[in-house]
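Below are the chains, spelled out letter by letter.
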Amino acid sequence: MSSLYSDLSWLPRPPADFSALCRSVLDRPEALGDRIKALASYALDQNQLVRLSKIIVRAQGASESLAPLTPYRLGVISNSTSDFLATALVATAARHAIALECVVGAYDQAVQESLNPDSAIHRSKPNAVLIALDWRGLPVRFSPGRRGEAESTVRVVLDHLNLIRNGIQRHTPALCIFQNLAAPPETLFGSLDRTVPGSPRDIVDSVNRAIAEEVWTSGGALLDVAGIAETVGLANWHSPSEWNMAKLPFSQEFLPLYADHVCRLIAAHCGKSRRCLVLDLDNTLWGGVIGDDGLKGIRMAQGDPAGEAYLELQRYALSLRDRGIVLAVCSKNEDENARAPFRHHPDMLLREEHFAVFQANWSDKATNIQAIADELALGLESLVFVDDNPFERTLVRKTLPQVAVPELPADPALYARTLSAAGYFEAGAFSEEDLKRASYYDNNARRAVLQKQVGDLNEYLASLKMEIVFQPFDERGRARITQLINKSNQFNLTTRRYSEVEVARIETDPSCFAMQVRLTDTFGDNGMISVVICRAPSREEWEIDTWLMSCRVLARCVESMVLRELLQHARGRNIRKLIGVYRPTDRNKLVEQHYPKLGFALTEQLPDGSTIWHLDVDAAEIDPAPMTVRSLFS
Amino acid sequence: VTEPIELILTKVFWDVFDDETIALRPDLSAKDMPDWDSLTHIRLLLTIEREFRIKFTITEVGDLKNVGELISLIQSKTSSSSPQS
């Protein structure tokens, strides 16, 4: 589990050609800052951070503009080897929209660096100084059982830190970033360490409390190294071998994590913390698809382990809201369906009044997220978007790169932890005002008006390398076909249900034409995503008895490709006319306009609201969409 | 099927030195490569530890003279940790 943290698992993996991308990034000056930030936004290991930092240093040396990144100078005072730290910080800072210059003080000379007005740190006029001292670099003395000595040790450590701080602030207005101490795993008595004054655990706890109070009362910032180390495990964090080999203060496995924490803190002090959490619904806040599974079918109930996992994210979102983060919804759904769980499901923790904006519609998510930002008058860089679907995540990342979009693990029980580990809502301070911020926004779950579509969807679709596979009904697909027929509610033109026996009969019925459709893309195999059944009321006509599709693949031109395939088979069998039927239910409003969008003409409207549509097979022309077609009809 | 040590090690060198033209030979040493300073050496060792899932002791790495010795060291460490290979 610690790999979530050491691997920065909320960030996408770097592409295979990351080195080449780094090498070519300086080839042209346009949007250099944005392109460097994009490279920094992958989960980079130490060597990749070194590579990127070299590029950044070179660009800074050549006075290239790195706008819109904010220039920032950080001094680092340390009792260990900080060269690696400096390179990691420079590259990581770009991820947080900061063009960082790092000035490293002389090795193990914290006091001299801070007091001497001519030191490298002071000459650089830093915006902030990171006082990266661990217990080895501070006058920490363990004195088990001697309370008086223990208390004086805490005072001495604090005096030492204040000496450094005063030295720094005498010469510059820089922000001082203190670190607290990660306790060494080695104990003296075992469990008793916690109770004996002056034991290592006691000294570290007392020093950490004192540092926190000092920062709280007299300003500065605290980097909670103790918290980071405890999160990944003290025995993983402390590496005696690496200290011994090169005076590295902690296991370098965690260098990318440590650097990200420092940069979050700096970004927060630059006012770059994110303020709004945008949440998908289906399979993110609950298990299942509300439009298909209904209120009773979605999973989030107490007592159902699979359902309870989703409540973790709800609980976390609610606690973020309590500390001032604005919540919004962005979901592909009918508005009324999407709101139903918030209104009627007894186990939901989140309710409509917790949301400022509630976007449930069928337009693409990038356009909706832009509308949310506009409605709240927040910049896109204030938004975090959480969605279980990699298609939507990648679309939003590509179209709106300012929005933070975490990768999610397979297990929904870990969604909340992953979101927290990403640190998007890092704060430099916390005030009464923050506490109320979420309530400043009208939390009326209102709908934001969509402006014109953002980004080029076709270009994105083309990048997905989609392959669509058509094949006749067969025994292997029968169970899944039957399942789709009986469970799809939203993208379902007629909502006719058939048993497995009936599906088997359709396979061999010469008056029927039936297709199962699969889709794969760069994210993997989406499995069977569509089913079509035609029946022939006459020798020259096919009536589309059933046409359904999984909503996961909406807005990807799958429908028109299905029609293209259908037309080919119709022509091969001398069919002249396709008859489409739309039978309205309370769930399938989504496809009310399905047939006219595909070029069918209305011929009849029945009293029950059903509509009948015709398409002339010979005249019909459907443009191909960006995907490869594989037809397994013989 | 695991890749031979030389191949994995070559990729580690490419990664650490950001140079995909490096070809390893047993007598290659820090003297031959200007970028191979003490900090890069540490990064090299850390990356090898990560890639091969092994840990070096300070004595082991202190004695290393060239790539040939490095490969022998990795060989001895990987064969003792996974007896089936």
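Here the residue numbering is sequential within each chain, running from 1 through the sequence in written order. Chains and ligands are labelled by the order in which they are written, letters from A for the one and numbers from 1 for the other. Note on the predicted model: pLDDT of at least 70 is required for a residue's local features to be given, and 80 or more for side-chain atom pairs to be given and counted; whole-chain, interface and lining totals, by contrast, use all residues. Water and hydrogen atoms play no part in the side-chain values, which are based on all heavy atoms of the structure.

Student: Would you mind showing me how to read the interface of chain B and chain A here?
Tutor: Bring the parts together and some accessible area is lost; that lost area is often taken as the interface size. The criterion used for residue contact is that any of the two residues' heavy atoms lie within 4.5 Å. If you look at the interface, chain B gives 15 residues, while chain A gives 16 residues. In short, buried area is how much 1.4 Å probe accessible area vanishes from two parts on joining, totalled over both. Here chain B and chain A share an interface that buries about 1,400 Å² over both sides, 55% of which is from carbon and sulfur atoms. Salt bridges are identified by distance alone: a Lys or Arg side-chain nitrogen within 4 Å of an Asp or Glu carboxyl oxygen. Where chain B packs against chain A, one counts 5 salt bridges. Across the salt bridge formed by Arg51 of chain A and Asp15 of chain B, the nearest N and O atoms sit 2.7 Å from each other.

Student: What's the story with the pairing of strand β14 (residues 577–582) of chain A in this structure? I'm lost.
Tutor: Remember that side chains alternate between the two faces of the sheet whenever the strand is regular. Residue and element names in this part refer to chain A. By the criterion of burial, β14 is predominantly enclosed, with 5 of the 6 residues buried. Two strands are said to pair when DSSP picks up at least two bridges between them. Helix and strand definitions follow DSSP, with helices as H or I runs of at least four residues and strands as E runs of at least two, each counted in order from the N terminus. Relative to β14, strand β13 (residues 541–549) runs parallel, the two sharing 4 bridges. Within the sheet, the bridge partner assigned to Glu543 lies in β14 and is Ile579. Think of it like this: strands point away, you trace from the first strand over the helix to the second, and a clockwise trace means the crossover is right-handed. With helix α24 (residues 558–572) bridging β13 and its parallel neighbour β14, the resulting β-α-β unit is right-handed. For the exposure calls, accessible area comes from a 1.4 Å probe over protein chains only, and a residue counts as buried if that area is under 20% of its type's maximum, exposed if over 50%, partly exposed in between.

Student: In this structure, what is going on with the pattern of salt bridges? I would like to understand it.
Tutor: A side chain with one charge can pair with a side chain of the opposite charge if their charged atoms come near. Residue and element names in this part refer to chain A. The tally for this structure, following the rule as stated, stands at 38 salt bridges over all chains. Across the pair Asp388 and Arg552 runs a salt bridge, and its minimum N-O distance is 3.5 Å. Of this pair, Asp388 sits in the loop between β9 (383–386) and α18 (390–399) while Arg552 sits in the loop between β13 and α24, and the two are 164 residues apart along the sequence. Owing to a relative accessible area of 16%, Asp388 belongs among the buried residues under this scheme. Linking Arg393 and Glu407 is a salt bridge whose minimum nitrogen-to-oxygen distance equals 3.2 Å.

Student: How do you make sense of empty space enclosed by the protein when you look at a structure like this?
Tutor: In this approach, a probe sized like a water molecule rolls over the atoms, and the result shows the empty space that is left. Residues and elements named next belong to chain A. Using only the protein atoms, space was sampled on a 1 Å grid; points where a 1.4 Å probe fits but cannot get out form cavities, open sets with protein on both sides within 12 Å along at least five of seven lines form pockets, and lining residues are those with an atom within 4 Å of a point. Grid points are joined across faces, edges and corners, and a volume is the space filled by probe spheres set on the points. Enumeration over the complete set of coordinates arrives at 2 cavities of 30 Å³ or more. The space that makes up the largest cavity amounts to roughly 210 Å³. The wall of the largest cavity is formed by 23 residues, among which Asp134, Gln179, Pro249, Phe250 and Tyr258 lie closest to the centre. Where the lining of the largest cavity is concerned, the elements lending two or more residues are α5 (83–95) and α13 (255–269). Computed from the structure, the second largest cavity encloses a volume of approximately 30 Å³. Around the second largest cavity, the lining residues are Leu158, Leu161, Asn162, Phe178, Ile211, Glu214 and Val215. Elements with a contribution of two residues or more to the lining of the second largest cavity: α8 (147–171) and α9 (200–218). Classification used: nonpolar for Ala, Val, Leu, Ile, Met, Phe, Trp, Tyr, Cys and Pro, charged for Asp, Glu, Lys and Arg, polar for all others including Gly. Along the lines of polarity and charge, the residues of the lining of the second largest cavity split into 5 nonpolar, 1 polar and 1 charged.

Student: Honestly, the sheet that holds strand β3 (residues 128–132) of chain A in this entry has me stumped. Any pointers?
Tutor: Pairing between the strands of a sheet is mediated by backbone hydrogen bonds and can be parallel or antiparallel. Residues and elements named next belong to chain A. Spatial ordering of the open sheet is given by β2-β1-β3-β4-β5, a layout of 5 strands whose pairing is parallel. What marks the edges here is a single partner per strand, and that holds for β2 (98–104) and β5 (221–223). Direction aside, the axes of adjacent strands within the sheet are offset by 25° on average. Pairing between strand β1 (residues 70–78) and β3: 5 bridges, direction parallel. Bridged to Leu74 within β3 is Ala128. Each axis is a line fitted through C-alpha atoms, taken for helices only over the stretch in contact, and angles between the N-to-C directions span 0 to 180 degrees. Running at roughly 150° to β5, α9 makes contact with β4 (175–179) and β5 of the sheet.

Student: Whenever I open this one, the packing of helix α4 (residues 46–61) of chain A against α5 of chain A confuses me. Can you help?
Tutor: Two quantities define a packed helix pair, namely the angle between the axes and the distance from one axis to the other. All names here are of chain A. At a minimum axis distance of 8 Å, the contact between α4 and α5 shows a crossing angle of 75°. Judged by the angle between their axes, α4 and α5 are roughly perpendicular. Touching Gln46, Leu49, Val50, Leu52, Ser53, Ile56 and Val57 of α4 are Phe84, Thr87, Ala88, Val90, Ala91, Thr92, Ala94 and Arg95, all from α5. What sets the label is the angle itself: under 35 degrees gives roughly parallel, over 145 gives roughly antiparallel, 65 to 115 gives roughly perpendicular, and the rest give oblique.

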